[in-house]
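What follows is the residue order along each chain.
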Amino acid sequence: QLTMYGVMAARYELILFLDERFELVEPADAVKRHLDDGKRILLTRTAIAVRYRHRWKDPYLGDKIKVMFQGREESLIQEAPELSCSLYNWILDPTAHYDPYIHHCKNAFNDFYCSESKYCNWLTAPSMFRRSWFLNTFL
(Lines give C-alpha, C1' and ligand atoms only; values in the text may rest on other atoms or scores of the structure.)
Protein backbone atom coordinates (compact mmCIF):
# COMPACT_ATOMS: atom_id res chain seq x y z
CA GLN A 1 0.00 0.00 0.00
CA LEU A 2 2.66 2.51 1.02
CA THR A 3 4.67 1.82 -2.11
CA MET A 4 1.66 2.64 -4.28
CA TYR A 5 1.06 5.95 -2.47
CA GLY A 6 4.73 6.84 -2.69
CA VAL A 7 4.83 6.19 -6.44
CA MET A 8 1.60 8.11 -7.00
CA ALA A 9 3.02 11.10 -5.11
CA ALA A 10 6.36 11.05 -6.93
CA ARG A 11 7.14 13.94 -9.26
CA TYR A 12 9.78 12.18 -11.34
CA GLU A 13 9.46 9.38 -13.89
CA LEU A 14 12.24 7.21 -12.46
CA ILE A 15 11.71 5.78 -8.98
CA LEU A 16 14.47 4.25 -6.86
CA PHE A 17 12.92 1.91 -4.31
CA LEU A 18 14.99 1.45 -1.18
CA ASP A 19 14.38 -0.24 2.14
CA GLU A 20 15.94 0.80 5.46
CA ARG A 21 17.78 -2.56 5.53
CA PHE A 22 19.68 -1.83 2.31
CA GLU A 23 23.32 -0.92 2.61
CA LEU A 24 25.99 0.18 0.15
CA VAL A 25 28.65 -2.46 -0.38
CA GLU A 26 30.56 -0.51 -3.06
CA PRO A 27 32.27 2.89 -2.99
CA ALA A 28 29.96 5.83 -3.72
CA ASP A 29 31.43 6.44 -7.22
CA ALA A 30 30.69 2.82 -8.23
CA VAL A 31 27.14 3.12 -6.90
CA LYS A 32 26.64 6.30 -8.94
CA ARG A 33 27.88 4.54 -12.11
CA HIS A 34 25.44 1.67 -11.55
CA LEU A 35 22.56 4.06 -10.88
CA ASP A 36 23.41 5.95 -14.08
CA ASP A 37 23.40 2.66 -16.00
CA GLY A 38 20.04 1.78 -14.48
CA LYS A 39 18.63 5.12 -15.64
CA ARG A 40 20.03 4.55 -19.14
CA ILE A 41 18.54 1.03 -19.28
CA LEU A 42 15.12 2.37 -18.27
CA LEU A 43 15.16 5.50 -20.44
CA THR A 44 16.14 3.51 -23.54
CA ARG A 45 13.37 1.02 -22.69
CA THR A 46 15.86 -1.84 -22.56
CA ALA A 47 14.05 -3.03 -19.42
CA ILE A 48 11.02 -2.01 -17.39
CA ALA A 49 12.76 -2.37 -14.03
CA VAL A 50 16.31 -2.66 -12.74
CA ARG A 51 17.12 -4.66 -9.65
CA TYR A 52 20.38 -3.88 -7.90
CA ARG A 53 22.10 -6.73 -6.15
CA HIS A 54 25.82 -7.20 -5.83
CA ARG A 55 26.94 -10.53 -7.23
CA TRP A 56 29.81 -11.10 -4.81
CA LYS A 57 28.86 -9.12 -1.69
CA ASP A 58 25.24 -9.87 -0.81
CA PRO A 59 24.78 -8.40 2.69
CA TYR A 60 21.55 -10.31 3.33
CA LEU A 61 22.05 -13.81 2.05
CA GLY A 62 25.82 -13.97 2.11
CA ASP A 63 26.96 -17.43 1.11
CA LYS A 64 23.69 -19.18 2.07
CA ILE A 65 22.45 -19.38 -1.52
CA LYS A 66 25.83 -20.61 -2.74
CA VAL A 67 25.99 -23.31 -0.05
CA MET A 68 22.46 -24.48 -0.87
CA PHE A 69 22.70 -24.45 -4.67
CA GLN A 70 26.30 -24.60 -5.91
CA GLY A 71 26.93 -27.74 -7.93
CA ARG A 72 23.20 -28.25 -8.56
CA GLU A 73 22.63 -25.27 -10.87
CA GLU A 74 21.83 -27.21 -14.04
CA SER A 75 19.14 -29.39 -12.46
CA LEU A 76 17.69 -26.49 -10.46
CA ILE A 77 17.39 -24.27 -13.54
CA GLN A 78 15.28 -26.97 -15.16
CA GLU A 79 13.13 -27.51 -12.06
CA ALA A 80 12.79 -23.88 -10.96
CA PRO A 81 13.79 -21.36 -13.65
CA GLU A 82 12.49 -18.54 -11.42
CA LEU A 83 15.68 -19.00 -9.37
CA SER A 84 17.89 -17.99 -12.31
CA CYS A 85 18.99 -14.71 -10.76
CA SER A 86 19.90 -16.41 -7.52
CA LEU A 87 21.99 -19.13 -9.16
CA TYR A 88 24.43 -17.07 -11.20
CA ASN A 89 26.18 -15.07 -8.47
CA TRP A 90 29.29 -17.27 -8.28
CA ILE A 91 29.54 -18.05 -12.01
CA LEU A 92 31.87 -15.80 -13.99
CA ASP A 93 29.83 -15.82 -17.22
CA PRO A 94 26.21 -16.67 -16.42
CA THR A 95 25.11 -15.99 -20.00
CA ALA A 96 27.04 -19.07 -21.13
CA HIS A 97 25.18 -21.26 -18.61
CA TYR A 98 21.73 -19.71 -18.34
CA ASP A 99 20.77 -18.58 -21.82
CA PRO A 100 17.89 -17.75 -22.46
CA TYR A 101 17.14 -16.96 -18.81
CA ILE A 102 19.94 -14.39 -18.38
CA HIS A 103 21.64 -12.25 -21.04
CA HIS A 104 23.85 -9.16 -21.21
CA CYS A 105 21.91 -5.91 -21.08
CA LYS A 106 22.41 -3.59 -23.97
CA ASN A 107 22.67 0.15 -23.24
CA ALA A 108 24.67 -0.43 -20.04
CA PHE A 109 28.30 0.61 -19.71
CA ASN A 110 28.95 -1.63 -16.73
CA ASP A 111 28.43 -5.34 -16.25
CA PHE A 112 24.63 -5.67 -16.15
CA TYR A 113 22.60 -8.78 -16.83
CA CYS A 114 18.98 -8.78 -17.95
CA SER A 115 16.27 -11.33 -17.45
CA GLU A 116 12.52 -11.54 -17.64
CA SER A 117 10.94 -10.98 -14.24
CA LYS A 118 9.49 -14.50 -14.20
CA TYR A 119 13.06 -15.81 -13.96
CA CYS A 120 14.11 -13.48 -11.14
CA ASN A 121 12.52 -13.44 -7.73
CA TRP A 122 12.46 -9.84 -6.55
CA LEU A 123 13.20 -10.64 -2.92
CA THR A 124 14.70 -7.73 -1.06
CA ALA A 125 16.82 -5.75 -3.43
CA PRO A 126 16.94 -2.07 -4.29
CA SER A 127 15.16 -1.49 -7.57
CA MET A 128 14.55 1.30 -10.04
CA PHE A 129 11.55 1.50 -12.35
CA ARG A 130 9.52 3.90 -14.43
CA ARG A 131 6.67 5.56 -12.55
CA SER A 132 4.36 5.28 -15.58
CA TRP A 133 4.99 1.53 -15.89
CA PHE A 134 4.29 0.95 -12.20
CA LEU A 135 1.04 2.92 -12.24
CA ASN A 136 -0.17 1.29 -15.49
CA THR A 137 0.65 -2.17 -14.14
CA PHE A 138 -0.51 -1.98 -10.54
CA LEU A 139 -3.17 0.75 -10.39
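These numbers come from a predicted model, not from an experiment.

S.K.: Please clarify how the overall build of the chain should be interpreted in this entry.
M.R.: Each helix and strand in the chain was counted, giving 7 helices and 5 strands. Tracing the chain from N to C terminus, the helices and strands come up as α-β-α-β-α-α-α-α-β-β-β-α. Taking all 139 residues of the chain together, 40% fall into the buried category. Here the chain displays about 9,000 Å² of accessible surface, and carbon together with sulfur accounts for 56% of that area.

S.K.: Help me out: how do you make sense of the pattern of salt bridges in this one?
M.R.: Side-chain pairs of opposite charge can arise whenever the charged atoms involved come near each other. Counted under the stated rule, the structure contains 5 salt bridges. A salt bridge links R130 to E13, with the nearest nitrogen and oxygen atoms 3.5 Å apart. With R130 in strand β5 (residues 127–130) and E13 in the loop between α1 (2–9) and β1 (14–17), the pair connects residues that are 117 residues apart, well separated along the chain. Its relative accessible area of 29% is what places E13 among the partly exposed residues. One salt bridge connects K32 with D36, and the closest N-O pair in it is separated by 2.9 Å. Residue K32 and its partner D36 are located together in helix α2 (residues 28–43), separated by 4 residues, close to a single helical turn. A single salt-bridge network, built from bridges that share partners, covers K32, D36 and K39.

S.K.: Can you help me understand α2 in this one?
M.R.: An α-helix turns once per 3.6 residues; consequently, residues spaced three or four apart project the same way. End to end, α2 covers 22 Å across 16 residues, agreeing with the expected 22 Å (1.5 Å per residue, within 8%). What α2 keeps buried is the set A30, V31, D37, G38, I41 and L42. Taken around the axis of α2, the buried residues stretch over an arc of 135°, which confines them to a single face. α2 presents A28, K32 and L43 as exposed residues on the side facing more than 90 degrees away from its buried surface. Elements that come into contact with the buried residues of α2 comprise β1, β2 (49–51) and β5. Immediately beyond the C-terminal end of α2, within one or two residues, lies R45, with a positive phi of roughly 60°.

S.K.: How should the sheet that holds β5 be read in this particular structure?
M.R.: Whenever strands of a sheet pair, they do so through backbone hydrogen bonds, lying parallel or antiparallel. Overall, antiparallel pairing links the 3 strands, which are arranged β1-β5-β2 in an open sheet. Whereas interior strands pair on both sides, the edge strands pair on one side only; in this sheet they are β1 and β2. On average, each strand axis in the sheet is inclined to that of its neighbour by 15°, with strand direction left out of account. Sheet strands touched by α2: β1, β2 and β5. Its angle to β5, the strand with the most contacts, is close to 30°. This element, helix α7 (residues 131–138), spans β1 and β5 of the sheet and lies at about 80° to β5.

Quick notes on the rules
- Numbers given to residues run from 1 along each chain, matching the order in which its sequence is written.
- This being a predicted model, a pLDDT of at least 70 is required before a residue's local features are given, and a value of 80 or more before pairs of side-chain atoms are given or counted; all residues contribute to the totals for chains, interfaces and linings.
- The side-chain figures draw on all heavy atoms in the structure; neither hydrogens nor water molecules are used.
- Put simply, DSSP marks the helices as runs of H or I at least four residues long and the strands as runs of E at least two long, and each gets a number from the N terminus on.
- Buried means the residue's accessible area, taken with a 1.4 Å probe over protein chains only, is under 20% of the maximum for its type, while exposed means over 50%, and partly exposed covers the values in between.
- Per-residue and other accessible areas follow the Shrake-Rupley method at a 1.4 Å probe size, with only the shown protein chains counted as cover for residues.
- Take a side-chain nitrogen of Lys or Arg and a carboxyl oxygen of Asp or Glu: if they are within 4 Å of each other, that pair is a salt bridge.
- One less than the residue count of a helix, multiplied by 1.5 Å, gives the span that helix is expected to have.
- Comment: arc refers to directions from the helix axis out to C-beta atoms.
- Only heavy atoms matter for contacts: two residues are in contact if any of them lie within 4.5 Å across the pair.
- A pair of strands is labelled paired if DSSP reports no fewer than 2 bridges between them.
- Fitted lines through C-alpha atoms give the axes, limited to the stretch in contact for helices. The angle between two N-to-C directions lies from 0 to 180 degrees.

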